[in-house]
Each structure stands twice: as C-alpha cells, then as structure tokens.
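# Analysis of the macromolecular model
Listed below, chain by chain, are the residues.
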Amino acid sequence: MRIRVIDSHTGGEPTRLVISGFPDLGRAPLRERRARFRSEFDHLRAAIVNEPRGSDAIVGGLLCDPHDQSCQTGVIFFNNVSVLGMCGHGTIGLVATLAHLKRLEPGHIRIETPVGIVSAELHVTGAVTVRNVPSYRYRKDVELRVPGFGSVTGDIAWGGNWFFLVKAESPIELSLRRLDELTAFTWSIRQTLERHGITGEHGGSIDHIELCGPPRDSTANSRNFVLCPGKSYDRSPCGTGTSAKIACLYEDGKLQQNELWIQESITGSVFEAHIERHGTEIIPFIKGWAFVTSEADLIIDERDPFRWGIPA
C-alpha cells in the first residue's frame, strides 16, 4: 500500500498533506467524513503521522473533494492522537502545497473543514492569509488549582479548536531550553481541566493549552507556547490559538477591528493577525508562510510489525 504525501512547514510546524492513496470516505459533509475517518481508519492516521514514519509534531491533512460546491477543496486534519476540527498552520501549508502542485494561482480559495468553511488568499509573494471560522470566548477568568503550580486563571475560547488561554505571563521563560518545564506545566493544566470536568461548549474537550509572555522580536505583540493534544508543542504561533487569543482581546476592548496583532512563537516565527466583525460573529484572519520540504510515497508493508505506527 502506498500513500502519496507532500510535507511542508509553517513557521517551523510540519504539515503532511495526503494527496492520494487513502481509502475513499464518500461524499458526505466533512463532519461526517471525519467521524468515519476516526471510526474506520484510525490505524492509517497513526501510520501516516506517528513514528517510525512521522513524529509527534506532524499534523496530517487529508485532501478531500468538498461536499459544499462553493469550495475548491476539503481537508480533514489529524495529529498523533486523533482527528482535529481545524488547523491554522495546516491550512497555510495546504494552500502552499496546492500552489507547489500548480493547482492554485494567487487569489482566493474556499476550503471545507469539519468545523465549517474557511477561505484563504494566496498572495503573489507566496504568503497565505487564512480567514478562519468564527471565534469566541466561552468562559472568562476560569480559576484552577494546578498541583505543583498553584492558582492559574485563564479563558476558555474557540478558534477552530478549544483552548485554555492562561492570562498571566508565564512563570516559566518561554524558551526552547525550558521545554520540559513548559510541557509539564501545561500538561498539568490540561489534566486539571479534565479532572474537574471543565470543557468547552457542548462538552468539547479543551485539548490545547496556551501560555503567553513578552516577545523577543520588538515588532511582535506577544510570545506564546502552545501544548497540542498529543503533548507536543506547536513550533508555529498556532493559527487556531492566535484566533482564539485575538477574539478574547477584541471582546475585552484591547484589540480593535483590523488592528494588526503580531504573534510570535517559541521558535521565533510569527503570524500576522487581525479581527473583522461581521454581525455577531468575530472573524480572525491569520497570515503566515509555508514551505514545501519533501514529496514522498509512504509504503505500508504487511510484513512490517510497525506498519500502523509504534503504539503508545
């Protein structure tokens, strides 16, 4: 069995786009196809992104025909533990990959995802701006008692995935040399949320935790550390996390419509972001760069004991 993929990275965070070789999921809406992916083909998710072919940091994307005919393509994102709703850096990687394949010229594209339709613009420079799904804060100033770390207060917000956004500056320096400590802190926050049954709207799992601190780049507004669902950190500034962040800033009156927000990641890469208000909806826009790094056929050999990835 061969699965054709193209790898890219957005601000250091890898995306592996599956362009052929995956079983047909039908033509239902992407939300239903995501459920089928999860129930019937989770072994292929693990084979594509987990070791020995991948790593915990890779986010996969399955290129699909859209159900909504106003869209040019559809995509189902997934990572080392499950399928995702939306992925900002992955959408930028998707657009850059379609341009690499000569399937897309500079201009606009509509993309169907399991959580709604997003649009993107491929600029002539190669940069990509994503118009994300409507984002919002669900709960403000949620206080937790995190074992070993004391009291932590944050907002629960939606940006395409559910986030707990810690409000105070991180007590741990946001640097790569402090990764173990940052991971332990954010993982403890996530475990505390789960232990107390604290969720997003409609019971949605809060599977992303974000810390903030002062930027190193004088042109940026903030630096972040984002723990992803599989306990890996986001090398990019996190598109859905930045969407959730600026939605909260807008609701607090700390960011105006079309005011530029520059989000720096722990690796030093940046996204440019702004908000537009459309009726009652807060729409985030995220701009960044992605670069194609490889084209490959993933080979699944029935004799290979690790053909479906190394089990957790």
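These lines cover the structure that appears in this document, whether it is placed above or below.

## Points about the environment of Leu 101
Counting through the fold element by element, Leu 101 comes out in the loop between helix H3 (88-100) and strand S5 (107-113). In this structure Leu 101 comes out as partly exposed when scored by relative accessible area, which is 25%. Each C-alpha atom of the pair Leu 101 and Ile 6 lies 9.6 Å from the other, and the pair is 95 residues apart in sequence. Apart from residues lying up to four places away in sequence, Leu 101 is in contact with Ile 6 and Ile 19.

## Let's talk about the nonpolar core
A general trend in soluble globular proteins is that nonpolar side chains are found buried together. Grouped together as the largest cluster of nonpolar side chains are 59 residues, with contacts concentrated most on Val 95, Ile 111, Leu 144, Phe 164, Ile 189, Leu 193 and Phe 225. Apart from the residues lying within four places of it in its own chain, the contact partners of Val 95 are Leu 104, Ile 109, Ile 111, Ala 120, Leu 122 and Val 128. In terms of nonpolar packing, the next biggest core, distinct from the first, is built from 20 residues, Leu 44, Ala 47, Ile 58 and Val 83 among them.

## Points about the packing of aromatic side chains
Tallied over the entire structure, the rule returns 9 aromatic pairs. Look at Phe 149 and Phe 185: their rings are 4.7 Å apart centre to centre, the planes differ by 40 degrees, and that puts the pair in the tilted class. Here Phe 185 lies in helix H4 (residues 179-195) and Phe 149 lies in the loop between strand S8 (136-146) and strand S9 (150-158), a separation of 36 residues in the sequence. Through a chain of ring-to-ring contacts, the aromatic side chains of Phe 22, Phe 37, Phe 41 and Phe 78 assemble into a single cluster.

## Description of the environment of Val 18
Examined against the element boundaries, Val 18 turns out to sit in strand S2 (residues 13-20). Along the backbone, Val 18 and Phe 41 are 23 residues apart, and their C-alpha atoms lie at a distance of 14 Å. In this view, Val 18 contacts Ile 3, Arg 4, Val 5, Ile 48, Gly 61, Leu 62, Leu 63 and Phe 78; residues no more than four positions away in its chain are not counted.

## Some details on H4
If you check H4, its first and last C-alpha atoms are 24 Å apart, about what 17 residues at 1.5 Å a residue would give, namely 24 Å. Listing the buried residues of H4 in full gives Leu 179, Leu 182, Thr 183, Phe 185, Thr 186, Ser 188, Ile 189, Arg 190, Thr 192 and Leu 193. Where H4 is buried, its residues contact S8, S9, strand S10 (162-169), strand S11 (208-213) and strand S12 (222-227).

## Things to note about the layout of surface pockets
Space left empty within the atom packing is revealed by a probe, the size of a water molecule, rolled over the atoms. Its boundaries defined by the atoms lining it, the largest pocket holds a volume of some 440 Å³. Arg 34, Gly 85, Trp 158, Asn 161 and Trp 162 are the residues nearest the centre of the largest pocket, which is lined by 21 residues in total. Top contributing element to the lining of the largest pocket by residue count: helix H1 (residues 30-40), with 3 residues. Of the residues in the lining of the largest pocket, the class split is 9 nonpolar, 6 polar and 6 charged.

## As for empty space enclosed by the protein
Under the definition given, this model contains 1 cavity of 30 Å³ or more. There is about 160 Å³ of room inside the largest cavity. Taken together, 22 residues form the lining of the largest cavity, with Glu 13, Val 59, His 208, Cys 228 and Asp 234 sitting closest to its centre. Elements represented by at least two residues in the lining of the largest cavity include exactly H3 and helix H5 (239-251).

Reading guide: rules and limits
- Residues numbered from 1 in each chain as written.
- Predicted model: local features only at pLDDT ≥ 70, side-chain atom pairs only at ≥ 80, totals over all residues.
- Heavy atoms only, no water.
- Helix = DSSP H or I, 4+ residues; strand = E, 2+ residues; numbered from the N terminus.
- Buried < 20%, exposed > 50% of the residue type's maximum accessible area, 1.4 Å probe, protein only.
- Contact = heavy atoms within 4.5 Å.
- Core = buried A, V, L, I, M, F, W, Y, C linked by side-chain atoms within 4.5 Å.
- Phe/Tyr/Trp six-rings, centres within 6.5 Å; stacked < 30°, edge-to-face > 60°.
- Expected span 1.5 Å × (residues − 1).
- 1 Å grid on protein atoms, 1.4 Å probe; cavity = no way out; pocket = protein on both sides within 12 Å on 5 of 7 lines; lining within 4 Å.
- Points joined across faces, edges and corners; volume = space filled by probe spheres on them.
- Nonpolar A, V, L, I, M, F, W, Y, C, P; charged D, E, K, R; others polar.

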